[in-house]
Amino acid sequence: EETKPDLLLLDLDLSKLSGFDTLSVIHQNVKLKHLPIIIMTSATDPESKVRALDLGATDFLAKPIDKIELGLRVKNTLAAKAYQDQLAYYDPMTKLPNNKLFQERLDWAVKKAKRYNDRLALMTIVLDKFNRINAMVGPSGGDDVMRQVARRIEGVIRNVDILGRSAEDDDIKMNLFRTDGSAFSLLLDRIRGEENAAVVANRIIEAIREPMKVESSNIYLTASIGIATFPADGEDYAELMHQASGARGYVKTRGGNSFQFSSKEINAAYIKRLSLDNGLRKALDRDEFVLHYQPEVNVRTNAIEGVESLLRWNSSETGLVPPNDFIPLAEETGLIVPIGEWVINEACLQLKKLHKAGMTSLVVAVNLSVRQFNDPGFFSMIKRLVTGHSIDPRFIKLEITESLLMDDIENKIKMLKRLTGMGFQLAIDDFGTGFSSLKYISKLPVDELKIDRSFIMDAVNNSSNRAVVLSVIFLAHCLGLRTVAEGIEEEEQLDLLLKERCDLYQGFLFSKPVPEKKLFELLSSR
Ligand code: C2E
Ligand code: CA
Ligand code: CA
């Protein structure tokens, strides 16, 4: 029942349960009743054959089994099954899977999502005033409309860039179904933020709104979309579909041509996201970004060796927004590319100031996001900036995360080598929280591993966290890399680092990230 096989090969002479018992169990199960079953038996008496047929067997193979014969029977049975499935599960007009398959897939997807703690979204899409269209272009024209709409929605979901997906989440799956008359359903599997479904819904609405040629006349369509999400709105087909249809109905009452989430919180999250995104788009022009700097300090000598630049957004509309609230959004929408360029430029200016003030060995660290790194203009941008400011890239440390190495590792290593070739220093940020394989660690051209704060937090009291910290330091030193411990708040943590020969640390114990002016005060007081 769990695997939903397409075919069963059954031996009648099983030791524990007889073949006939098995057959009758399957025969009484609604879900398995129509499963094709080939009986493999040496029993030739017609009576047992008839009995087996009565219990739902579809074919026989006599023992000893001939390989070629077996292959042929399997092939024929599967071909017949595929044909039946096509009839039972697909809409012949649009060639899309139908409501029956949608129900099965949805229940299956919910099961999987429960197991892996994933989230799902379900969208029901219906054409507004379709009856009027049908009356206008006639039934065959109406069919044509449905086909064209199906292709347009497919076009939208085929566009992989739609959610600004990165390697981490490219296994989001979207499946389209034709669920009845003028309705389609879309299942979004493993979606990261539910609000992302809104991006997809918007694109679908836009795609449907484009004028459509049917029987040589131009027609104009709009659609209403309702969205329900798992786990927020329900746990099975009936509940989720009910919620999504309710939301869709609400859109209809307000004139259609729009979408709506069923749950209030998600609508609120979407609205917040929209206004955040709007604000972010203006932030660069309005000069609302600023960098703060957190010292990176030598564990043994307590001397400041560098500073990490951390982005701050002081929005004129919403006030100070923490980076964890806006950077993921900027990554999704791609805004991180121009913002990241601003950060590097600003960090270069700061480096110049620090060196001019006599602190000529200070290094400035900059956080890079995967999206920035994957941007085709990245290398020329960074080169232009360092040459423009005549900066020696040795004094710039680029912090990347393990997620960068999630796919196409060989190529990523090449790109990283290009950066070190230009002279930049490289650090792996939040080391240990991602999935980098140890196999590649030794091949990466990096200078430094930054141990994530989550390991440091409890390292003094929690022996397994301590073990991670010690192992990372040991691993790094074996490979000739430096280590930086993040988030040091207590003396005991620093003592541990000293004992274990960690190279650098940063954290509130020494200093919070501070604005430029404070940084200079901090540096000159030492
Ligand atoms: P991160 O790179 O791991 O930065 C360290 C974070 O830990 C910073 O948070 C910092 O303020 C915080 N922190 C430092 N010491 C302590 C401590 O002792 N205790 C505690 N509780 N926290 C400490 P922040 O500034 O909020 O930055 C969060 C994340 O935002 C950064 O994590 C980084 O991933 C990202 N980010 C910040 N600036 C940029 C940027 O310019 N570009 C990109 N792509 N990402 C950035
Ligand atoms: Ca960092
Ligand atoms: Ca970190």
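Structural notes, computed from the coordinates.

The rules we used
- Residues numbered from 1 in each chain as written.
- Chains lettered and ligands numbered in written order.
- Predicted model: local features only at pLDDT ≥ 70, side-chain atom pairs only at ≥ 80, totals over all residues.
- Heavy atoms only, no water.
- Core = buried A, V, L, I, M, F, W, Y, C linked by side-chain atoms within 4.5 Å.
- Buried < 20%, exposed > 50% of the residue type's maximum accessible area, 1.4 Å probe, protein only.
- Helix = DSSP H or I, 4+ residues; strand = E, 2+ residues; numbered from the N terminus.
- Contact = heavy atoms within 4.5 Å.
- Pairing = 2+ DSSP bridges.
- Donors = N, O, S within 2.8 Å, 3.2 Å for Na, K, Ca; no water.
- Near = heavy atom within 4 Å.
- Areas by Shrake-Rupley, 256 points an atom, 1.4 Å probe, with all protein chains shown as cover.
- 1 Å grid on protein atoms, 1.4 Å probe; cavity = no way out; pocket = protein on both sides within 12 Å on 5 of 7 lines; lining within 4 Å.
- Sits in = over half its atoms within 2 Å of the grid points.
- Phe/Tyr/Trp six-rings, centres within 6.5 Å; stacked < 30°, edge-to-face > 60°.
- Lys NZ or Arg CZ within 6 Å of the ring centre and 35° of its normal.
- Points joined across faces, edges and corners; volume = space filled by probe spheres on them.
- Disulfide = S-S within 2.5 Å.
- Axes fitted to C-alpha atoms, helices over the stretch in contact; angles between N-to-C directions.
- Parallel < 35°, antiparallel > 145°, perpendicular 65-115°, else oblique.
- Nonpolar A, V, L, I, M, F, W, Y, C, P; charged D, E, K, R; others polar.
- Expected span 1.5 Å × (residues − 1).
- Arc of directions from axis to C-beta.
- Polar contact = N/O pair within 3.5 Å; in protein donor to acceptor, adjacent residues only side chain to side chain.

Section: the nonpolar core
- Core analysis: the biggest nonpolar cluster contains 81 residues, and Leu280, Phe289, Leu398, Leu416 and Leu419 have the highest contact counts within it.
- By residue number, the principal contributor to this core is helix α10 (residues 336-356), which donates nine residues.
- Setting aside residues up to four positions removed in sequence, Leu419 forms contacts with Phe373, Phe378, Phe379, Ile382, Leu398, Phe424 and Leu426.
- Leu176, Phe184, Leu188 and Ile208 belong to the second-largest nonpolar core, a separate cluster that totals 41 residues.

Structural notes on the pairing of strand β18 (residues 482-485)
- The pairing of strand β17 (residues 448-451) with β18 spans four bridges and is parallel. Residue pairing for β18: Lys450 is matched across the bridge by Val484.
- Where β18 meets strand β19 (residues 504-505), two bridges bridge the pair, whose relative direction is parallel. By the bridge assignment, Ala485 is partnered in β19 with Tyr505.

What to know about the coordination of the calcium ion (ligand 3)
- All of the protein donors around the calcium ion (ligand 3) are Asp430 (OD), Asp452 (OD), Glu486 (OE) and Glu486 (OE); their distances to the metal are 1.9 to 3.2 Å.
- Mapped onto the sequence, the donors of the calcium ion (ligand 3) take the spacing D-x21-D-x33-E.
- Taken as an interatomic distance, the gap from the calcium ion (ligand 3) to the calcium ion (ligand 2) is 5.1 Å. With Asp430 in strand β16 (residues 425-431) and Asp452 in the loop between β17 and α15 (453-457), the pair connects residues that are 22 residues apart, well separated along the chain.

Focus: the site of ligand 1
- Around ligand 1, a shell composed of 22 residues is seen, among which Arg312, Asp429, Arg453, Glu489 and Phe508 lie nearest.
- For ligand 1, the protein covers 83% of the area, taking 800 Å² as the surface of the free molecule.
- At a threshold of 2 Å from the grid points, most atoms of ligand 1 map onto the largest pocket.
- Of all the secondary structure elements, the ones that give two or more residues to the shell around ligand 1 are β12 (304-315), α9 (323-333) and β16.
- Considering each element in turn, the shell around ligand 1 owes the most residues, four residues, to β12.

Details of the packing of aromatic side chains
- By the definition in use, this model includes 11 aromatic pairs.
- Plain terms: the ring middles of Phe259 and Phe261 are 6.2 Å apart, the flat faces sit at 85 degrees to each other, and that makes the pair edge-to-face. When sorted by exposure, Phe259 lands in the same class as Phe261, which is buried.
- Through a chain of ring-to-ring contacts, the aromatic side chains of Phe289, Trp313, Phe326 and Trp342 assemble into a single cluster.
- Above the face of the Phe20 ring, Arg51 is positioned so that its terminal group lies 3.9 Å from the ring centre.

Overview of empty space enclosed by the protein
- Tallied over the entire structure, the rule returns one cavity of 30 Å³ or more.
- Among the secondary structure elements, those contributing two or more residues to the lining of the largest cavity are α11 (370-373) and β15 (396-401).

Some points on the state of the cysteines
- Overall, the coordinates contain zero disulfides when judged by the stated rule.
- Considering cysteine sulfurs only, Cys502 is the nearest to Cys478, which forms no disulfide, with 15 Å between them.
- For Cys478, a relative accessible area of 55% gives the class exposed.

Section: the sheet that holds strand β1 (residues 8-11)
- Taken in spatial order, the three strands line up as β1-β2-β3 in an open sheet, and their pairing is parallel. Taken across any chain shown, the strands that pair with only one partner, and hence form the sheet edges, are β1 and β3 (59-62). Across the sheet, the axes of successive neighbouring strands diverge by a mean angle of 25 degrees, strand direction being ignored.
- Of the pairings in the sheet, the one linking β1 to strand β2 (residues 37-41) comprises four bridges and is parallel in character.

Let's talk about the sheet that holds strand β5 (residues 173-180)
- Pairing is mixed across the open sheet formed by five strands, whose spatial order is β5-β6-β4-β9-β10. Two strands lie at the open edges of the sheet, namely β5 and β10 (258-261), each paired on one side alone. On average, each strand axis in the sheet is tilted by 20 degrees relative to the strand beside it, whichever way the strands run.
- Contacts from helix α4 (residues 99-116) reach β4 (120-127), β5, β6 (183-189) and β9 (223-230), with the element oriented near 20 degrees to β6.

Description of the packing of helix α12 (residues 378-388) against helix α13 (residues 409-422)
- Where α12 contacts α13, the axes come no closer than 12 Å and their chain directions differ by 10 degrees. In terms of orientation, α12 and α13 fall into the roughly parallel class. For the pair α12 and α13, contact is made by Phe378, Phe379, Ile382 and Lys383 and by Met415, Arg418, Leu419 and Met422, respectively.
- Taken together, the residues that form the contact of α12 with α13 break down as six nonpolar, no polar and two charged.

Points about the pairing of β15
- Taken across its six residues, β15 has five buried, putting it largely inside the fold.
- Relative to β15, strand β14 (residues 363-367) runs parallel, the two sharing four bridges. Residue pairing in the sheet places Val364 in a bridge with Ile396 of β15.
- Direction of pairing for β15 relative to β16: parallel, over a ladder of five bridges. Within the sheet, the bridge partner assigned to Leu398 lies in β16 and is Leu426.

Looking at the environment of Thr360
- Note on placement: Thr360 falls in the loop between α10 and β14.
- Each C-alpha atom, one on Thr360 and one on Phe395, is 9.2 Å from the other, the two residues being 35 residues apart in sequence.
- When residues no more than four places from it in sequence are discounted, the contact partners of Thr360 are His355 and Phe395.

Structural notes on α4
- In this model α4 runs 25 Å from its N-terminal to its C-terminal C-alpha over 18 residues, within 8% of the 26 Å that 1.5 Å per residue would give.
- Within the sequence span of α4, burial applies to Leu101, Phe102, Leu106, Ala109, Val110 and Ala113. Seen end-on, α4 carries its buried residues on one side only, within an arc spanning 165 degrees.
- With a side-chain oxygen positioned 3.1 Å from the backbone nitrogen of Lys100, the residue opening α4 is Asn98.
- Of the residues flanking the end of α4, it is Asn117, one or two places downstream, whose phi is positive at about 60 degrees.

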